[in-house]
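# Architecture at a glance
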Amino acid sequence: MRKHLIWASATLALALGAIGAVSACGSPGTATASPTPSCVNATAPHHAYVVVQHLSGATTQKCVGFSSDTIDGQSLMDSSTIEYQAQTFSFGKAVCQVDREPLTFTACFPQNQPYWALFVETNGTWASAQNGYTQVTLHDKDALGWRYVSAADQSPSPPPQAKE
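From a predicted model like this one, the values you see are computed outputs, not experimental measurements. (Residues numbered from 1 in each chain as written. Predicted model: local features only at pLDDT ≥ 70, side-chain atom pairs only at ≥ 80, totals over all residues. Heavy atoms only, no water.)

### Describing the overall build of the protein
- Assigned secondary structure in the protein consists of 2 helices and 10 strands.
- Reading the protein from its N end, one meets helices and strands in the order α-β-β-β-β-α-β-β-β-β-β-β.
- Residue burial in the protein is summarised as follows: out of 164 residues, 37% are buried. (Helix = DSSP H or I, 4+ residues; strand = E, 2+ residues; numbered from the N terminus. Buried < 20%, exposed > 50% of the residue type's maximum accessible area, 1.4 Å probe, protein only.)

See the structure below:
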């Protein structure tokens, strides 16, 4: 029994060390600070952002360039290349999974489980979204923010500010 505990402890230490080494190298989606993103369609005159904060606190950010005066939330999400899955509700579309969190789901808002809260950043200030992301219209330098929060968090704070 003792040999198994020592082996399990050594294995856990090696695994944690490997995770720390990967995190220190800044693998995608695991860094806690978002680096300045390169933009999809970088030569476009306007840019909007998608900021994702996981339950662990890890963040990722994508920038999308666009030519018109505005971009809608659906187009921004689709152009960002961030993986997501959504369902349609009476208030519009809601995401059930963003950047592979959770790995699987059966409902967007499962009882007593974490969920994705949506925020919109305008002029450097986050506000909680009042409808689905498909009803959001963004202007130059605006952002959609997704934060995976505990079901117990009745007033979740927004993700970090978008970085240009």
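From this point, the discussion proceeds with the structure in view.
### Topic: the pattern of salt bridges
- Per the counting criterion, the structure on display carries 1 salt bridge.
- The partner of D140 in a salt bridge is K141, and the shortest N-O contact between them spans 3.6 Å.
- On the basis of relative accessible area, K141 is assigned to the partly exposed category, the value being 42%. (Salt bridge = Lys/Arg side-chain N within 4 Å of Asp/Glu carboxyl O.)

### Quick notes on the environment of T125
- Relative to the assigned elements, T125 resides in strand β8 (residues 125–128).
- Sequence separation of T125 and A143 is 18 residues, and the distance between their C-alpha atoms is 9.7 Å.
- Apart from residues lying up to four places away in sequence, T125 is in contact with V120 and Q161. (Contact = heavy atoms within 4.5 Å.)

### Comments concerning the state of the cysteines
- Inspection of every chain in the model, using the stated rule, returns 2 disulfides.
- Disulfide partner of C39: C63, at an S-S distance of 1.7 Å. Measuring handedness by torsion sign, the sulfur bridge of C39 and C63 sits at about 65° and is right-handed. Here C39 is found in strand β1 (residues 39–40), whereas its partner C63 is found in strand β3 (residues 59–66), with 24 residues between them in sequence.
- For C96, the disulfide goes to C108, at an S-S distance of 1.6 Å. On the sign convention where negative is left-handed, the bridge of C96 and C108, at about -55° about the S-S bond, is left-handed. Here C96, found in strand β6 (residues 92–98), pairs with C108, found in the loop between β6 and β7 (115–122); they are 12 residues apart in sequence, far enough to count as distant. The exposure classification of C96 matches that of C108, with both residues buried.
- Each disulfide in the protein links cysteines that, numbered along the sequence, combine into the pattern 1-2, 3-4. (Disulfide = S-S within 2.5 Å.)

### Here we look at the environment of C108
- Its relative accessible area of 4% is what places C108 among the buried residues.
- Through-space distance from the C-alpha of C108 to that of Q97 is 7.7 Å; in sequence the pair is 11 residues apart.

### Focus: the packing of aromatic side chains
- Scanning the entire structure with this criterion turns up 6 aromatic pairs.
- Here F89 and F91 contribute two aromatic rings whose centre-to-centre distance is 5.4 Å and whose plane-to-plane angle is 0°, an arrangement assigned as stacked.
- Judged by its relative accessible area of 37%, F91 falls in the partly exposed class.
- When the centroid spacing of 4.7 Å and the interplanar angle of 40° are considered together, the rings of W116 and Y148 count as tilted. On the criterion of sequence distance, the pair formed by W116 in strand β7 and Y148 in strand β10 (residues 143–149) is long-range, its members being 32 residues apart. There is no split in this pair, since W116 and Y148 are both buried.
- Ring-pair connections join several aromatic residues into one group, and the members of that group are F89, F91, F109 and Y115. (Phe/Tyr/Trp six-rings, centres within 6.5 Å; stacked < 30°, edge-to-face > 60°.)

### Side note on the confidence of the model for the protein
- Mean pLDDT over the protein stands at 80; residues scoring 70 or higher make up 77%.
- By mean pLDDT, the top-scoring element of the protein is strand β4 (residues 71–72) (98), and the lowest-scoring one is helix α1 (residues 2–24) (32). (pLDDT = per-residue confidence, 0-100.)

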